[in-house]
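Secondary and tertiary structure notes
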Amino acid sequence: MHENYKIIYDYDYSLLKKRMNDYRYSVRSLAESIGITRVSLSNKLNNHLPFSQDEILKIAKLLDINYDQIAHYFFAIVVNKRLQNVNSKSGVNSLESREKITNCKKRGDFYD
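This one's a predicted model, so the numbers in the text were calculated from it and none came from an experiment. (Residues numbered from 1 in each chain as written. Predicted model: local features only at pLDDT ≥ 70, side-chain atom pairs only at ≥ 80, totals over all residues. Heavy atoms only, no water.)

Here we look at unusual backbone geometry
At Arg 24, a position not held by glycine, the phi torsion is positive, near 65°. Summarising the element assignment, Arg 24 is placed in the loop between helix 1 (14-22) and helix 2 (27-34). Even without being glycine, Asp 64 reaches a positive phi, approximately 50°. Locating Asp 64 in the fold gives a position in the loop between helix 4 (53-62) and helix 5 (70-74). The class for Asp 64 is partly exposed, based on a relative accessible area of 47%. (Helix = DSSP H or I, 4+ residues; strand = E, 2+ residues; numbered from the N terminus. Buried < 20%, exposed > 50% of the residue type's maximum accessible area, 1.4 Å probe, protein only.)

Pasting the structure below:
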């Protein structure tokens, strides 16, 4: 039925934002510390772009996040699940499905 679509999950970065605040990092200062622009970090925190593994590790080091806690800060699925048209030239098509995903402790499938 939806063979041309993949499921995209949005992540809840509220714990990461709180940790940034606790460590006195603004979006601009954290972005500069890891070597990206403020706009890029803002886009990542707002689910417009994904974090790279390198960025996650740099942020974890700066904010004293243990490696076994990274999933809590970067991969908490709680917002929206949507279908994305994989044949779209822009990469993003209209949202065809939204559903609330709450209290998700089991993680594994980022894309179905």
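A short note on the packing of helix 2 against helix 4
At a closest axis distance of 10 Å, the pairing of helix 2 and helix 4 adopts a crossing angle of 115°. Regarding the angle of helix 2 to helix 4, the classification is roughly perpendicular. Once helix 2 is placed against helix 4, the crossing between them reads as right-handed. Residues Leu 30, Ser 33 and Ile 34 of helix 2 form the contact with helix 4, whose participating residues are Glu 55, Lys 58, Ile 59 and Leu 62. (Axes fitted to C-alpha atoms, helices over the stretch in contact; angles between N-to-C directions. Parallel < 35°, antiparallel > 145°, perpendicular 65-115°, else oblique. Left-handed = near helix turned anticlockwise from the far one by under 90°. Contact = heavy atoms within 4.5 Å.)

Some thoughts on helix 4
Turning to helix 4, its buried residues number three or more, namely Glu 55, Ile 56, Ile 59 and Ala 60. The buried residues of helix 4 occupy an angular sector of 130° when the element is viewed end-on, so they sit on one face. Exposed positions of helix 4 whose direction lies more than 90 degrees from the buried face are Gln 53 and Lys 61. Where helix 4 is buried, its residues touch helix 1, helix 2, helix 3 (38-45) and helix 5. Two residues or fewer after helix 4 comes Asp 64, characterised by a positive phi angle close to 50°. (Arc of directions from axis to C-beta.)

Quick look at the confidence of the model for the protein chain
Of all residues in the protein chain, 67% attain a pLDDT of 70 or more, and the chain-wide mean is 79. The low-confidence segment residues 91-112, where pLDDT is below 50, has 44 contacts with residues more than four positions distant or belonging to other chains. (pLDDT = per-residue confidence, 0-100.)

Observations concerning the environment of Lys 58
Position of Lys 58 among the secondary structure elements: in helix 4. A residue is classified by how much of its surface remains accessible, and Lys 58, at 36% relative accessible area, is partly exposed. Linking Lys 58 and Ser 33, residues 25 residues apart in sequence, is a C-alpha distance of 8.5 Å.

Focus on the nonpolar core
General note: in soluble globular proteins, nonpolar side chains tend to be found buried as a group. In this structure, Leu 16, Leu 41, Phe 51, Ile 59 and Phe 74 are the most contacted members of the largest nonpolar core, which totals 22 residues. Elements represented by at least two residues in this core include exactly strand 1 (5-11), helix 1, helix 2, helix 3, helix 4 and helix 5. Dropping the residues within four chain positions of it, Phe 51 is found in contact with Tyr 13, Leu 16, Leu 41, Lys 44, Leu 45, Ile 56, Ile 59 and Phe 74. (Core = buried A, V, L, I, M, F, W, Y, C linked by side-chain atoms within 4.5 Å.)

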